[in-house]
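# Close look at the chain arrangement
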Amino acid sequence: MTSPPQIVELADRHSLDLDVALFWGRRSGRLWVDVTHRRSGRVAHILATPANALDVFNHPFAYARAAA
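Residues numbered from 1 in each chain as written. Predicted model: local features only at pLDDT ≥ 70, side-chain atom pairs only at ≥ 80, totals over all residues. Heavy atoms only, no water.

As a further point, take the layout of surface pockets. Taken as a whole, the largest pocket encloses approximately 380 Å³ of empty space. Lining the largest pocket are 15 residues, with Ala44, His45, Ile46, Ala64 and Arg65 sitting closest to its centre. Among the elements of the structure, β3 (31-37), β4 (43-48) and α2 (60-63) are those that each provide at least two residues to the lining of the largest pocket. The element best represented in the lining of the largest pocket is β4, accounting for five residues. Class assignment for the residues of the lining of the largest pocket results in 10 nonpolar, three polar and two charged. (1 Å grid on protein atoms, 1.4 Å probe; cavity = no way out; pocket = protein on both sides within 12 Å on 5 of 7 lines; lining within 4 Å. Points joined across faces, edges and corners; volume = space filled by probe spheres on them. Helix = DSSP H or I, 4+ residues; strand = E, 2+ residues; numbered from the N terminus. Nonpolar A, V, L, I, M, F, W, Y, C, P; charged D, E, K, R; others polar.)

Spelled out as structure tokens, the structure:
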């Protein structure tokens, strides 16, 4: 019997240039959204809470911090 994965993908969506996925860490209980730009390979990791996870998934750039 294998143990369940520690990171669970809850939702994903794709557009012409971007892949967006909502993840949950089984051990930590944390939620986050990864936005991947396919052409460049750059990934933005955006933390979420149970209260706003779906909103972060649907509107990730509204929650993204400006790059330093």
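Following the structure, the description resumes.
Mapped onto the secondary structure, Asp34 falls in strand β3. For Asp34, which is buried and forms no salt bridge, the nearest opposite charge comes from Arg30, at a distance of 12 Å. Apart from the residues lying within four places of it in its own chain, the contact partners of Asp34 are Asp19, Val20, Ala21, Phe23, Val43, Ala44 and His45. (Buried < 20%, exposed > 50% of the residue type's maximum accessible area, 1.4 Å probe, protein only. Lys, Arg positive; Asp, Glu negative; His and termini not counted. Salt bridge = Lys/Arg side-chain N within 4 Å of Asp/Glu carboxyl O. Contact = heavy atoms within 4.5 Å.)

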